[in-house]
Amino acid sequence: MLAIKTPHTWFHHAGIRHDAGEYIAPLTQNILIITSAQAWARVNPALENSLRNSGIAWQTEIMTGYCTDERVAHYVKRAHKLGVQYIVGVGGGRVLDTAKAVADALDGGASITIPTVASTCAAWSPLSVFYTEEGGQIRSQPLKTLPRLVLVDSEIIAQSDVRYLKAGIVDALAKWYEFRPYLQHAPDNLSLQLKVQTARLAVDIYEKHGQQALRDNQAQRVSDALISVIDANIAVAGMANSIRGEIPTPGVAHAIHNRLTYEPALRDWLHGERVGYSLLVQSFLENDSDTPDATLLALLRQYDAPLTLAPLKEIRLAVIQAVARSISFPKAAADHLPFSLDPARIERALRQTEQFFTPRYAV
């Protein structure tokens, strides 16, 4: 079995917020917008002017917090009351996942995503990630309907903090490091080959354009390098995540990340930063040695991923032990990995990050 689920149409050009209404109008004249206060301020007045000029009526919901079951249910009721089927998400991953989930819950619903940062592949991904109200990840929910439009404005993303671009690069790098191990037991599996080769394309883009893209983002300058990296963070990573086969391929680093979302002291870390730390842990697991993969370590340092659980301070040992015992990973997928996810090995790998990078805090 091979399945590839992707958005209907992807458009990326600098200043697309000025023309968004022209892309949306052929689909609908009535939309519900889910956004954050910061994201909405960044795309306007250009986006509102474009919608108005295209004769589109809209209602705006300013979202705070995470994508939760309660929040999605609230917006579904709001969409029913307004008689709206098209849900437009404007913002970062939490907002976009919420918008996609709301559209997916509506009979005949459809979503349009307008990312304002390139910190994840949420604008493209065939999933919505659900959390508790406090920010602990509950599940990644597959979607029946993917975005009809993805509208990417590199001018807006160029104005965002470069920390988001770095986190998005690390999150996309994770696809390569997480999917590649599955090939060892199934080297001829087509879906795995496609996933790994697509993920590798993102790595190649970062090798060629990553550093320049960071400099251009810091200068708030749209460049070919920045455009390539934005596309890799969202579209290429999203495509790798969209390919499904008979072998389940959840990411080990993402499974570790999911458990770390329940630690309040790590809530300031972006998604990609938690994934970066978790990739380091995966490297210790995969190599079964006292040193991580040198290439991966260089990349994590290059993009400022955290390398220890330093924010946990004196409770690190207790958290390491708790995390190691509570990583949730399906056995059907673990059986296809070339390394063990035994809790004792996970605890050892977590401890190794402390011992390798901060000997004075070794646990």
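The chain is annotated in an unreviewed UniProt entry as Glycerol dehydrogenase from Kosakonia radicincitans.

Enquirer: I would appreciate a short explanation of the packing of aromatic side chains in the present structure.
Expert: Any two aromatic rings considered together are summarised by their centre-to-centre distance and by the angle between their planes. Throughout the structure, instances matching the rule amount to four aromatic pairs. On the numbers, 5.3 Å between centres and 40 degrees between planes, the contact of Tyr 66 with Tyr 131 is tilted. With a gap of 65 residues between them, Tyr 66 in the loop between strand S4 (57–62) and helix H4 (69–82) and Tyr 131 in strand S7 (residues 127–131) connect regions that are remote in the sequence. Tyr 131 matches Tyr 66 in its accessibility class, with the two residues each being buried. Measuring from centroid to centroid gives 6.1 Å for Trp 269 and Tyr 277, while their planes differ by 50 degrees, and the two rings are tilted. For the pair shown, Trp 269 and Tyr 277 are each scored as buried. Cation over ring: Arg 94 sits above Tyr 66, and NZ or CZ is 3.9 Å from the ring centre. Seen from the ring of Phe 179, Lys 195 lies directly overhead, with NZ or CZ sitting 4.0 Å from the centre.

Enquirer: How do you make sense of the pairing of S7 when you look at a structure like this?
Expert: Regular strands place their side chains on alternate faces of the sheet. For S7, the buried fraction is high: five of the five residues fall into the buried class. Alternating positions in S7 separate into two faces, Leu 127, Val 129 and Tyr 131 on one and Ser 128 and Phe 130 on the other, with burial throughout. Taken together, S7 and the strand that follows it, strand S8 (residues 137–142), pair antiparallel across an intervening segment of five residues, in which Gly 135 is found at a positive phi of about 110 degrees.

Enquirer: Could you clarify how one ought to interpret the nonpolar core in this entry?
Expert: Soluble globular proteins: nonpolar side chains tend toward being buried together. One finds Leu 165 and Tyr 206 to be the most contacted residues of the largest nonpolar core, which totals 78 residues. Filtering out sequence-adjacent residues up to four positions away, Leu 165 remains in contact with Ala 118, Ala 213, Leu 214, Asn 217, Leu 226, Val 229, Ile 230 and Asn 233.

Enquirer: Any chance you could explain the UniProt feature "binding site: glycerol" (unreviewed entry) in the chain here in plain terms?
Expert: Per the UniProt annotation, the sites labelled "binding site: glycerol" (unreviewed entry) are Asp 171, His 254 and His 271. These annotated residues cover 101 residues of sequence, and their C-alpha atoms lie no more than 9.4 Å from one another, placing them together at a single site. Turning to its location among the elements, Asp 171 is positioned in helix H7 (residues 162–179). Classification of Asp 171 by relative accessible area gives buried; the value is 3%. Look past the residues within four positions of Asp 171 in its chain and what remains in contact with it is Ser 119, Thr 120, Cys 121, His 254, His 271, Gly 272 and Val 275.

Enquirer: Before we go on, may I ask you to explain the packing of helix H11 (residues 271–287) against helix H12 (residues 294–302) in this structure?
Expert: What describes two packed helices is the angle between their axes and the distance between those same axes. Closest axis-to-axis distance for the H11/H12 pair is 10 Å, and the angle between their directions is 165 degrees. Judged by the angle between their axes, H11 and H12 are roughly antiparallel. Crossing hand, H11 versus H12: left-handed. Across the interface between the two elements, Gly 276, Leu 279, Leu 280 and Ser 283 of H11 pack against Leu 296, Leu 297 and Leu 300 of H12. Residues that form the contact of H11 with H12 fall into these classes: five nonpolar, two polar and no charged.

Enquirer: Would you take a moment to explain the sheet that holds strand S2 (residues 9–12) for this structure?
Expert: What links the strands of a sheet is backbone hydrogen bonding, and the strands pair in either a parallel or an antiparallel sense. Taken together, the six strands give an open sheet; going across it, the order is S2-S9-S6-S5-S3-S4, and neighbouring strands pair in parallel fashion. Here the strands that pair on one side only, and so sit at the sheet edges, are S2 and S4. Sheet twist, expressed as the average angle between the axes of neighbouring strands with direction ignored, equals 15 degrees. In this sheet, strand S9 (residues 149–152) lies alongside strand S6 (residues 110–115) in parallel orientation, the contact comprising two bridges.

Rules used in this analysis
- Residues numbered from 1 in each chain as written.
- Predicted model: local features only at pLDDT ≥ 70, side-chain atom pairs only at ≥ 80, totals over all residues.
- Heavy atoms only, no water.
- Phe/Tyr/Trp six-rings, centres within 6.5 Å; stacked < 30°, edge-to-face > 60°.
- Helix = DSSP H or I, 4+ residues; strand = E, 2+ residues; numbered from the N terminus.
- Buried < 20%, exposed > 50% of the residue type's maximum accessible area, 1.4 Å probe, protein only.
- Lys NZ or Arg CZ within 6 Å of the ring centre and 35° of its normal.
- Pairing = 2+ DSSP bridges.
- Core = buried A, V, L, I, M, F, W, Y, C linked by side-chain atoms within 4.5 Å.
- Contact = heavy atoms within 4.5 Å.
- UniProt positions renumbered as here; feature names shortened; annotations may be inferred.
- Axes fitted to C-alpha atoms, helices over the stretch in contact; angles between N-to-C directions.
- Parallel < 35°, antiparallel > 145°, perpendicular 65-115°, else oblique.
- Left-handed = near helix turned anticlockwise from the far one by under 90°.
- Nonpolar A, V, L, I, M, F, W, Y, C, P; charged D, E, K, R; others polar.

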